[in-house]
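Spelled out, the chains give:
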There are 4 protein chains.
Amino acid sequence: MNNTFGYHAGLTIFGESHGKAIGAVLDGLPAGISIDWDAVRQEMARRAPGRNAMSTARQEADAFEIESGYFNDHTTGTPLCVLIRNNDQHSRDYDQLRHMMRPGHADYSGKVRYDGYNDYRGGGHFSGRITAPLVFAGAIASQILARESICIGAHILRIGQVADRHFAPCGESPSLFQQLKQQTLPVLDGTKAALMEQEILTAKSQLDSVGGLIEGQILGLPAGLGDPFFDSVESRLSHMFFSIPAVKGVAFGDGFDMASHHGSEINDSFYYDGTVVRTRTNHNGGINGGITNGMPVNFHLVIKPTASISKEQDTIDTDTQADCKLVIKGRHDPCIVQRAVPVVEAATAWTILDIFLGSRKTGGAHD
Amino acid sequence: MNNTFGYHAGLTIFGESHGKAIGAVLDGLPAGISIDWDAVRQEMARRAPGRNAMSTARQEADAFEIESGYFNDHTTGTPLCVLIRNNDQHSRDYDQLRHMMRPGHADYSGKVRYDGYNDYRGGGHFSGRITAPLVFAGAIASQILARESICIGAHILRIGQVADRHFAPCGESPSLFQQLKQQTLPVLDGTKAALMEQEILTAKSQLDSVGGLIEGQILGLPAGLGDPFFDSVESRLSHMFFSIPAVKGVAFGDGFDMASHHGSEINDSFYYDGTVVRTRTNHNGGINGGITNGMPVNFHLVIKPTASISKEQDTIDTDTQADCKLVIKGRHDPCIVQRAVPVVEAATAWTILDIFLGSRKTGGAHD
Amino acid sequence: MNNTFGYHAGLTIFGESHGKAIGAVLDGLPAGISIDWDAVRQEMARRAPGRNAMSTARQEADAFEIESGYFNDHTTGTPLCVLIRNNDQHSRDYDQLRHMMRPGHADYSGKVRYDGYNDYRGGGHFSGRITAPLVFAGAIASQILARESICIGAHILRIGQVADRHFAPCGESPSLFQQLKQQTLPVLDGTKAALMEQEILTAKSQLDSVGGLIEGQILGLPAGLGDPFFDSVESRLSHMFFSIPAVKGVAFGDGFDMASHHGSEINDSFYYDGTVVRTRTNHNGGINGGITNGMPVNFHLVIKPTASISKEQDTIDTDTQADCKLVIKGRHDPCIVQRAVPVVEAATAWTILDIFLGSRKTGGAHD
Amino acid sequence: MNNTFGYHAGLTIFGESHGKAIGAVLDGLPAGISIDWDAVRQEMARRAPGRNAMSTARQEADAFEIESGYFNDHTTGTPLCVLIRNNDQHSRDYDQLRHMMRPGHADYSGKVRYDGYNDYRGGGHFSGRITAPLVFAGAIASQILARESICIGAHILRIGQVADRHFAPCGESPSLFQQLKQQTLPVLDGTKAALMEQEILTAKSQLDSVGGLIEGQILGLPAGLGDPFFDSVESRLSHMFFSIPAVKGVAFGDGFDMASHHGSEINDSFYYDGTVVRTRTNHNGGINGGITNGMPVNFHLVIKPTASISKEQDTIDTDTQADCKLVIKGRHDPCIVQRAVPVVEAATAWTILDIFLGSRKTGGAHD
């Protein structure tokens, strides 16, 4: 199913940006989990729009309502449905999108895909708004993974010309991840936040937008998760990441830098740290042959500059079948990178939960 | 199923590097396809080992035997099983791998994953040799896609310090793709082949290995293929690519370069070329919102330097639970990039066939 | 995913009998379908409780709210989410069910399955109430199938000792199916309705319940749908039917009667009716080798007597870990067969829609 | 994928009756299982043709070759591929089947399904011969389940007019199941074997065939396996059973008899047998709400009379598009019921293994 992700923990999302509501069905959650709803709300708030000058002016509290799957303060083990109402739509801003195709957006490809019947208002089902239920699901997955001492962190690695430093490849501390969650622009080098903000506001002042990089790290994963074909940990994570709007590249460990290096520079030597097996370096990002090796899993991905810009652009009008000029009305983000950070964390959490739950079925059968 | 890929065209692969045979089951192929077996053999030969000094000395003809699914010179529509016998194994070379974990390889992660019961000889099921059935499947998928005027090409974009030029983003010619298939080191700038060979042989002489980049392009894809969540075209392709051994990063269009650009530089303007919709640039690699827009789909991925190197390395001995020195015996490739090119083409072909077959079920239902 | 059914048309259901709401997400619906909502409401009403003395006294309008996937009076092709609020719960009636296990119900097996965290009120996610979203989905599927001249009918074949006659194996008329939808107890032999009602009211007066049979027929299916392994049309339909509460047996064509017959009595001879291929008899229920042969698909299934009866029963108390006597409070149906008829029709419609959408991907590829 | 069954233990089958070979890929087997190959061969022999006058004269040793997934006398945890060569084909007998459609067979429906390209010889992929790899897979699954004290038995409940007695609903002994495996016609009432043989030989002498019933029982299943929607244990088992050629009906517990009974007669009272929960009766066949309750799972299914009979039959010739008379040449079974018994056991074993492996992922997560 296109809108369902996961073999063991199944996440089904629905909704359009300007529809009645968006939401998700979480299937396969373990029974008996008591959820910290405040923590879920905090994650939702990190992604929510309208918080500052770097984000769209659309105001959405992203308040959610649990319809099923939670009883007597615990998960039931049956599907948990969450509904998030849309409130602050300005649909009139989007009338022209029915026939004027925004460059870089799914207006045209979506129109062809759905024979012209898709909801074009605010991008409809293609809208970044649909990531709200994903953040909800990821926040719950994170709480389940935390019981297994698995935790996930992410930060902005770059916005435009401003780069942050990398996570320590062999592992940061969970407490650092908590601090990052508090930052409007989560970075490791505090001096970079103001510079990144400047990049964003400059792009905004130019009626333009700017892209960036997000780096993530997963701590506490046991060795032996994943499969060689066709469900490597990289395959599963990238599958999920590339369904996040604006992601155009995903890499693990040293990623593309490996192209210009030698094996002796990339191979991570194993050693016994007491009885625990570790590697002295982590160029491979904690994954060998698609399977975790017990080291932190490191990845980074690129978020393209927001396609919605106020500058006049050339495009087509599908009504007149003629070329035309477009000035996009409506409210949009000059940079989506900072709001994408909690989305990437959530996407990671759900995928890892699915892999983790699946892993329980193997082993333990030998003579 | 971990070893089955595809919703409509299901590819199941099996086998270990030093086992009796490797192979695949191709399920969901359309009935009535007459296959050009010579063309399939040519693709297999491009990947086959032992062809020159840049490749492992292992000699495998990769002759295949069709067990089912092909009758009266046409596909039956029922599962097509292919078997490829292993011949030139030197398993004794690999005895030490049972307990000495090669850095950068799946020896350790695989040992944990399979509780120590996996076939460690030559990497077992993790071996690059398992890509032979993938090339077979891709060669058949390519022939089916060719009937729909969809064709796929790839070249080496970089080996070590030597870079080739990029494909023209708005589309190369199918004939160029055919020429590339004839080259030992497929490149666009012919002057680079010799330099790349030098990079490889230098690494080899240093008992080391070197990595690289592969760029691919898909021509003739109709607009409207793919889905926003969770099966974007990028999601499906990256899922497959990251199951190819040594792939550590995947990007579409301008990929990671987008991080330091503005929306006005990345958005691709639409225009009518007669009645056909095209974009003047193709920074987004032919995909908007996870769905094809009718332009060529462009991607590139990184192949890490071969993990097997002859240099002495530090690692662990799981028998003694002690650190040790390892010198890898056996035959290996100083660079796997050139042999990975047909694998990437095949992986692309099978994934696109699956997406294409699935797309037939939509549309045509409206009032 | 356990709560998602379908490869091409994916139905995900959620909710508990006494939770806030129940509902479904319909994924993969063709875009551009204009839905007749009155027809959907009529189907919902057929299943709804509290309509007469033969049904539970629980009053539920089963009004539904569309949250997504429907725009400008057409399906968008993206997920359609429907929500049905629960209103008339008497949860206090069910307090004892937390620890007193109703015989014939899922109270005990569900408690073990979900480690005691499942919502036990009114059967929770196991409740027949969860079939309301299924009827909703089936009503939409039926409208899509009607465009392809595929229609589905069902009637009560037996309640207790009272049997109706069978559908004509080679096909009834669609208009008959419409008439059946109007009947409280849909039967072919009108004289049997009153007798069946008597069976039900007698069982009720005895604080007991009674079971029955439902027979269904699918008209207009083209030949060539389905697959030999493992997705025969019988496999797909039975998979769905056995997820309907109280179904304990499913058969196609002559079903179990075939055990005592000879091949010459069961084989259906083919003939050309003009150019159309038909069979003179239809003992095989329109399916040969798991694939439709163009004749009507006939099936019947058994609905066990409602497990909830008012008679005192022996059972266990999981709190005291002791045997005990149970008298079930709350409102229940003395017979569920008549309310199951629209559920079986809906289950058939969704499954056939999924098979039908999938079938579009084959053929048309030959030389 | 149509030819792959299972979420956790994936079985992919391939091959045609008169092709080069048939076989299967078993994916997801736990690593470290040492297989008793003689026991596997014995199961294969029970199904193999040509053993006596009641079976087809086709001689097939059904010798198998393991291509992958088994190393150092243990499963590796990676895909196990088995190949079974076809030897004794008389394909000439089947030339007429290309255009003369056998009543009751998939010749016509399959021809439409695969646009006329399917291998028609001996039924091709529709042949009962394709159940040989299923028996192989089931034999391995049985050995894994035996470690969990889960065992499966089956017997002939009826052939034509001759009925055997039922299994004791609350459980037979595993040793009885072993005895049944030794019998040519496995029955509980020894006096019935000769009478059943007479039914078969009489049908054969009349150039006809006869059907029957098979009853199965699963011992040792823990309570709590399965799911309410859409993967009830009945749903999973029936899905598999209905892909076995000739199965036209499947029922659990009292099955269709429930239609004419009252709830008080069908509900199974729970009691504590020491601390173990059991039911005093087992009308529900060990499944409540789609989930096992810890009692034996009982089911029965109908095998239709073999469609291949020597009597002259009316059918169509798709070459001439005219009606014609058909006398089937080739070798066939006057009754397939006895050979289907090990197939049903195998189908049960693989399905239960899949459910069992999947169940490991739930629970254990609560506070």
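The structure contained in this document is the topic of the report that follows. (Residues numbered from 1 in each chain as written. Chains lettered and ligands numbered in written order. Predicted model: local features only at pLDDT ≥ 70, side-chain atom pairs only at ≥ 80, totals over all residues. Heavy atoms only, no water.)

1. Digging into the relation of the copies chain D and chain B
When chain D is fitted to chain B, the best match, at an RMSD of 0.0 Å, comes from turning it 180 degrees and sliding it 0.0 Å along the axis. Such a combination of rotation and displacement between the chain copies is what one expects of a two-fold axis. Comparing interface residues between copies, 100% of those in chain D also lie at the interface in chain B; the contact surface is shared. (Least-squares fit on C-alpha atoms with pLDDT ≥ 70 in both. Contact = heavy atoms within 4.5 Å.)

2. Overview of the sheet that holds strand S7 (residues 80–85) of chain D
Residues and elements named next belong to chain D. One open sheet accounts for five strands, arranged S1-S2-S3-S7-S4; its pairing is antiparallel. Edge positions in the sheet fall to strand S1 (4–5) and strand S4 (64–66), since each has one partner strand and no second. Pairing geometry for strand S2 (residues 10–15) and strand S3 (residues 21–27), over six bridges, is antiparallel. Looking at the pairing, Thr 12 lines up with Val 25 of S3. (Pairing = 2+ DSSP bridges. Helix = DSSP H or I, 4+ residues; strand = E, 2+ residues; numbered from the N terminus.)

3. Details of the packing of aromatic side chains
Per the stated rule, a full pass over the model turns up 54 aromatic pairs over all chains. The interplanar angle of 90 degrees and the centroid separation of 5.2 Å between the aromatic rings of Phe 252 of chain A and Phe 242 of chain B together place this pair among those described as edge-to-face. Of the two residues, Phe 252 of chain A is situated in strand S11 (residues 247–252) and Phe 242 of chain B in the loop between helix H6 (233–241) and strand S11 (247–252); the pairing between them involves two chains. The exposure class of Phe 242 of chain B is buried, given its relative accessible area of 3%. Ring centres of Trp 37 of chain B and Phe 64 of chain B lie 5.8 Å apart, and the angle between their planes is 45 degrees; on these two criteria the pair is classed as tilted. Of the two residues, Trp 37 of chain B is situated in helix H1 (residues 37–47) and Phe 64 of chain B in strand S4 (residues 64–66); the sequence distance between them amounts to 27 residues. (Phe/Tyr/Trp six-rings, centres within 6.5 Å; stacked < 30°, edge-to-face > 60°. Buried < 20%, exposed > 50% of the residue type's maximum accessible area, 1.4 Å probe, protein only.)

4. Points about helix H1 (residues 37–47) of chain A
Where H1 of chain A is concerned, the buried positions are Trp 37, Val 40, Glu 43, Met 44, Arg 46 and Arg 47 of chain A. Close packing links the buried residues of H1 of chain A with strand S4 (64–66), strand S5 (70–71), strand S7 (80–85), helix H3 (131–146), helix H4 (174–182) and helix H8 (337–359) of chain A.

5. Notes on the pattern of salt bridges
The final tally for this structure, using the stated rule, is 84 salt bridges over all chains. With its nearest N and O atoms 2.7 Å apart, the salt bridge here joins Arg 102 of chain A to Asp 107 of chain A. (Salt bridge = Lys/Arg side-chain N within 4 Å of Asp/Glu carboxyl O.)

6. Comments concerning the interface of chain D and chain B
Taken residue by residue, the interface counts 44 residues in chain D and 44 residues in chain B. Its salt-bridge partner being Glu 65 of chain D, residue Arg 85 of chain B comes within 3.1 Å of it at the nearest N-O pair. Put simply, chain D and chain B have 12 residue pairs in polar contact (both at pLDDT 80 or more) between them. Secondary-structure elements contributing two or more residues to the side of chain D that touches chain B are S2, S3, S4, strand S6 (74–75) and S7 of chain D. With five residues, the top contributor of residues to the side of chain D that touches chain B is S2 of chain D. A class-by-class count of the residues in the side of chain D that touches chain B yields 16 nonpolar, 19 polar and nine charged. (Polar contact = N/O pair within 3.5 Å; in protein donor to acceptor, adjacent residues only side chain to side chain. Nonpolar A, V, L, I, M, F, W, Y, C, P; charged D, E, K, R; others polar.)

7. As for the nonpolar core
Of all hydrophobic cores here, the largest spans 156 residues; its most connected members are Phe 136 and Trp 350 of chain C together with Phe 136 and Trp 350 of chain D. Discounting residues that sit within four places of it in the chain, Phe 136 of chain D has contacts with Leu 26, Trp 37, Val 40, Met 44, Phe 64, Ile 66, Leu 80 and Val 82 of chain D. Counting residues in hydrophobic clusters, the runner-up holds 155 residues, among them Leu 80, Ile 130, Leu 237 and Ala 347 of chain B. (Core = buried A, V, L, I, M, F, W, Y, C linked by side-chain atoms within 4.5 Å.)

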